Structures are given as C-alpha cells and as structure tokens.
Amino acid sequence: MNAIQSIRGTKDILPNESHKWQILEATAREISSSFGYRELRTPIFEKTEVFSRGVGDGTDIVNKEMYTFNDKGNESLTLRPEQTAALVRSVIQNNLLQENPVTRLYYIGQYFRYERPQKGRLRQFHQFGIECINSPYPESDAEVIMLAINFIKRLKINDYRLLLNSIGNEESRKNYKTALVAFLTANKDGLSEDSRNRLDINPLRILDSKATNDIDIVKNAPIILDFLDEESQLHFNTVKSLLDSVGIKYDINPLLVRGLDYYSHTVFEFQSTHLGSQDAFGGGGRYNGLFTELGGKDTPAVGFAMGMERLLLILEQLNGDMNKQYQVDAMVIPTDAKHIELAMQVHNLLVDSHTCIVELNRRSLKAQLREANKLGVRYALIIGDDEANKNAVTIKYMAEEKEQKLIQINDLLNNLE
RNA sequence: GCGGAUGUAGUUCAGUCGGUAGAGCACCAGAUUGUGGCUCUGGUUGUCGUGGGUUCGAGUCCCAUCAUUCGCCCCA
C-alpha cells in the first residue's frame, strides 16, 4: 500500500512549527482586542452565491479559483476563498449592527483557492483580518490602517511599504473607467494579450500589469485621482491627514487597484521585499457596496486582510529559524519496569506545577538520561530499587553536578529547587 | 491555465561512460551490570517520487504522471 499524501498546495503545520503560528495568532488577537475588535468565526463553507455575489462575478477568484461542489441535497457550496463576504453575510443574518453604531470585528482562519502553488501561495492558506463596519467617515479608514501598522510593528517587521490610493465613489470610478478605456483603446495595439482581454472585463486591472509594454502605456494613462469628485477627494484627503497626524508613512500609488469588486474609496496594500514575486502580505480598503449586494441595508465598511504564511516568511528572514523545541521541566526515570507505579505517582504529584514526562518504552537508565539531556530537562527524578523501597526519588539536577538522594515523595515538591 | 528547474535513508546531499546504492548529521546499542553531555566502537534505515518503455541489465536514457520550487497569471 502506498502511503497517502496531503493535497497539493496544503501543508501540515508540524509540532516544531506551531510555536511561531501561536505567536502570530496571539499578536493578532492582542492588537485587535486592544482596539476594541471582537472575533467573529464563520463556517468554512457557504452557499456559493455568498461569494459569487459578494466577491464579484467578474473576478478570477470566483471564476477560476473557488472550491465549489454540490452537496447531497444538490446545493452548490463553496469553501470560503476569503472572509469579508461571509462575514458580511453573518453580520446581516445575526443583526450584529443592532447593538452598536459601529461594529468592530476580527478573524483568523483558513481559506481556499485553487491556484498554482508557489512560495507564499497555497491552496489552503491562513489570513488574519479586521472589519470596521458602519462608519462612512475617513476616521474609520485611518483606524483600520493604524491597527494594521501597529500589528506589523509589534511583529518587528520594519521593512515594509504601505501603498495607498483611492478609487473614489461609484460615480467617480465610472467616469474614470470611461476615460481609461478610451485611452487604452486608442493604444490597444501596444497592449499585451492579457490586457487586451481585460479591456472589456476589468480595465482597472491593466494598471498594475507587469508586462513591460503595458507599463509604458500605463505611464501616460489618465489617473484616477484626477477623477475623484468633491466627496471622494475630501474623504481621501482626510484619510491622508489623519495618517500624517499619527506619523504613519505611506506612498500614494495611483496604479493600485484591488482585485475584488466590492472596493470603493480607500484602497491600500502592504508590500515587503522579502517575499519574491508574491510581494504583498496584506491589503484592504473600503467596501461600501457589499452589504446591499448581499441583501442587507446599505452599510459602509472598511477592513484589511493579511496573509499569515507570508508574514511568517518575512519573520523568518528577519529572525532566522523561529522553531522552538518543546521544554520539559522534569522527567521521571524508573530504572526498571517494576517501578512504573511509583513513577506515575510522582508524575501525578507534579502535574499542577511542572511540565513532566515519564518513560513509556521501558528503556534503560542511560537511554532515559540521554533523552533528558537532549530535551534540556531540569530535573531527572530517578526511581531505582533503593528509592522504591523507601518510597522516595533521587533528584538529579541535569545542568549542575548535583543530586539529592532519597527524597521522600511527600517532600518532593518542597525539595525541588 | 502557461513556461523553466528539481525529486536518491529521518535530514542534507554524493552516485563517473547504463552493471540492482554511499557519506555527514540524526537515531539506536555498547565501552567491567544505578547516571546524560565529550570521545571511541558497532548497528538500523531506502519499492532511488510513481507508472510505463528501451536494454542482457536503468538511480542513470526515453515517455507519462504526481509533488516541490522559480516565474507568468492572480492575490494575501
């Protein structure tokens, strides 16, 4: 029989790696709580229309990358490719906006996209994100970015860039699209094949094409910031000055557009040079249209998501190997199988105060001490014939050349230094 | 979905011109029968990613397939 392998693009997080995930998750939770955000957990799968309507029918995510299947009741279900649409579904369904004028939520979870795996891109991947719901004002955009920056800082990532742009409200964007399409159509012959195809479907995406001839053409293209109406402009300017006032640095990049349909006004992205071609480790923006798209009341919202695998790639380049061997305080060492009962009793004495393990393979004293040494155990609690006869243990301090012989087990806890 | 590279013990890798596999580390066991690290000695481990083909003979050559990886695309 062949051994079974994990699915392509999925990864086991092994015991010596889980430590760094725990750090990352703990940091995300601390920052979120300290800003007054509470966790929302939604199911891993949803009705397909949550994403086809929420993420947008024209996007690659919906068209090519979703894990969609029919269940036994012949209903089309989809493994969530991102969180925002499902979160909005839950907020609407559970009336979470009843209680608070502004609802602040965060999430940590796994997401699924059928893509070609490469560094920093898996088919099952993890994201941490937040959503600030029900404020139309630029101060909520600024709060979300401020939270993200503080998260990044707390992780001690200092080599990153915040790219910022506004794609305006619907009307500004419509006017801009018309101008952009007109310009690009006039230069159609010079565009890459991909971009010519996108001209009808999603012309904004041509702006961040990596094809060199596209880049040359786009240099002279009209700029969205020139098409913002008064409202959109005021919103964007306020976001910028709020960021300035708390000392957050950003680069305006008028070519930054997001891949998902629901964005409007502020869009932003975090990039790092440590990631190769998948250089964005986080991104977000405002999505005022999503609630009505999913059948809720018109509700403004803004949020971001970060790719946790990518964050860990950055952290490892900054800090080296973050794996940590597990720490054991004490090891109970019966020299013979007949002392196992006493060994278990000693273990039971220590459970509330120490990490403790007992030999389960009846190996020799020597083998057990070797393991104790390898694990960096502080106390080896040796139980041989002499000890067992007196209901006692010998405490051997591994780091020092020191032993306390024949300590009664009633006194053991008092005697551990 | 497209293009390039790679796949040999637990791990990192070597393996010539085709002749059915090796090293370091790790692991296990010993070095006058109750004591780890250092040293020494010995030992285990592989369907050579998988399936076909060529050949007297394939880790080596050919094809397919799976996986990893680097780009494209897309995104976090």
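Owing to the predicted nature of the structure, the values given are computational and were not obtained by experimental measurement.

Rules used in this analysis
- Residues numbered from 1 in each chain as written.
- Chains lettered and ligands numbered in written order.
- Predicted model: local features only at pLDDT ≥ 70, side-chain atom pairs only at ≥ 80, totals over all residues.
- Heavy atoms only, no water.
- Helix = DSSP H or I, 4+ residues; strand = E, 2+ residues; numbered from the N terminus.
- Rg over C-alpha atoms; globule rule 2.2 N^0.38 Å.
- Buried < 20%, exposed > 50% of the residue type's maximum accessible area, 1.4 Å probe, protein only.
- Contact = heavy atoms within 4.5 Å.
- Areas by Shrake-Rupley, 256 points an atom, 1.4 Å probe, with all protein chains shown as cover.
- Lys, Arg positive; Asp, Glu negative; His and termini not counted.
- Charge placed at Lys NZ, Arg CZ, Asp CG, Glu CD.
- Near = heavy atom within 4 Å.
- Polar contact = N/O pair within 3.5 Å; in protein donor to acceptor, adjacent residues only side chain to side chain.
- Nonpolar A, V, L, I, M, F, W, Y, C, P; charged D, E, K, R; others polar.
- Axes fitted to C-alpha atoms, helices over the stretch in contact; angles between N-to-C directions.
- Parallel < 35°, antiparallel > 145°, perpendicular 65-115°, else oblique.
- Left-handed = near helix turned anticlockwise from the far one by under 90°.
- Domains from an automatic or database assignment.
- pLDDT = per-residue confidence, 0-100.
- Expected span 1.5 Å × (residues − 1).
- Arc of directions from axis to C-beta.
- Salt bridge = Lys/Arg side-chain N within 4 Å of Asp/Glu carboxyl O.
- Phe/Tyr/Trp six-rings, centres within 6.5 Å; stacked < 30°, edge-to-face > 60°.
- Lys NZ or Arg CZ within 6 Å of the ring centre and 35° of its normal.

What follows concerns the overall build of chain A. In terms of helices and strands, chain A carries 15 helices and 16 strands. A globule of 417 residues ought to have a C-alpha radius of gyration of about 22 Å, yet chain A, at 28 Å, is considerably larger. Along the longest, intermediate and shortest principal axes, the C-alpha atoms of chain A span 95 × 55 × 45 Å. Looking at chain A as a whole, 47% of its 417 residues are labelled buried. In chain A, 68% of the contacts between residues at least 6 apart in sequence involve partners at least 24 apart. Per element, the accessible surface of chain A, about 21700 Å² overall, is 47% carbon and sulfur. One finds the centroid of the 49 positive side-chain charges in chain A at a distance of 3 Å from the centroid of its 57 negative side-chain charges.

This paragraph deals with the protein's contact with RNA strand B. Taken together, 46 residues surround RNA strand B, and among them R116, R198, R205, I382 and M398 come closest. Among atoms of RNA strand B positioned within 4 Å of the protein, sugar and phosphate together represent 52%. At 2.6 Å, a side-chain N or O of R205 approaches a phosphate oxygen of RNA strand B. At 2.5 Å, a backbone N or O of A280 approaches a sugar or linking oxygen of RNA strand B. Listing elements by their share of the surface near RNA strand B, those giving two or more residues are strand 6 (124-133), helix 7 (193-201), strand 10 (280-286), strand 11 (301-307), helix 13 (365-375) and helix 14 (385-389). A per-element tally of the surface near RNA strand B places helix 13 first, with 7 residues. Residues belonging to the surface near RNA strand B are distributed by class as follows: 11 nonpolar, 12 polar and 23 charged.

This paragraph deals with the packing of helix 1 (residues 18-34) against helix 5 (residues 138-154). Running from N to C, helix 1 and helix 5 point in directions that differ by 140°, and their axes come no closer than 10 Å. One finds that helix 1 runs oblique with respect to helix 5. For the pair helix 1 and helix 5, the crossing hand works out as right-handed. Residues L24, T27, A28, E30, I31 and S32 of helix 1 form the contact with helix 5, whose own contacting residues are L147, N150, F151 and R154.

Looking now at the domain arrangement of chain A. The domain architecture assigned to chain A consists of domain 1 (15-169 + 229-321) and domain 2 (330-415). A separation of 50 Å is found between the C-alpha centroids of domain 1 and domain 2.

Another point: the environment of Y67. Note on placement: Y67 falls in strand 3 (residues 67-70). Using a relative accessible area of 24% as the deciding quantity, one classes Y67 as partly exposed. Taking the C-alpha atoms as reference, Y67 lies 6.9 Å from F112; in sequence the two are 45 residues apart.

With that settled, consider the confidence of the model for chain A. Mean pLDDT for chain A: 91, with 99% of residues reaching 70 or above. Looking at the elements of chain A, mean pLDDT is at its lowest for helix 7, recorded as 80, and at its highest for strand 1 (residues 38-39), recorded as 98. Confidence metrics for the complex model read pTM 0.91 and ipTM 0.84.

Another aspect to go through is helix 1. Between the first and last C-alpha of helix 1 there are 24 Å, a value that for 17 residues agrees with the 24 Å anticipated at 1.5 Å per step. All of the buried residues in helix 1 are K20, W21, L24, T27, A28, I31 and S32. Along the axis of helix 1, the buried residues cluster in a sector spanning 130°; they form a single face. Each element contacted by the buried residues of helix 1 is listed here: strand 5 (103-112), strand 6, helix 5 and helix 11 (308-319).

Enumeration according to the criterion identifies 20 salt bridges in this entry. The salt bridge involving R154 is made with E30; its shortest N-O contact spans 3.4 Å. Of this pair, R154 sits in helix 5 while E30 is found in helix 1, placing the two residues 124 residues apart along the sequence. Judged by relative accessible area, E30 falls into the partly exposed class, the value being 43%. A salt bridge links K396 to E403; the nearest nitrogen and oxygen atoms lie 3.9 Å apart. Residue K396 is classed as partly exposed on the basis of its relative accessible area, which comes to 22%. If you follow the salt bridges from partner to partner, you end up with R29, E39 and R41 in one network.

Next up on the list: the packing of aromatic side chains. Following the criterion strictly, the structure yields 13 aromatic pairs and no others. Here F45 and F69 contribute two aromatic rings whose centre-to-centre distance is 6.5 Å and whose plane-to-plane angle is 25°, an arrangement assigned as stacked. Residue F45 is located in strand 2 (residues 45-47), and its partner F69 is located in strand 3; the two are separated by 24 residues in the primary sequence. According to the relative accessible area criterion, F69 is partly exposed, its value standing at 34%. Their ring planes at 75° and their centres at 5.9 Å tell us that F268 and F270 sit as a pair that is edge-to-face. Neither F268 nor F270 differs from the other in exposure class; each is buried. Members of the aromatic cluster, each reached through a chain of ring pairs, are Y160, F268, F270 and F281. Cation over ring: R123 sits above Y114, and NZ or CZ is 3.9 Å from the ring centre.

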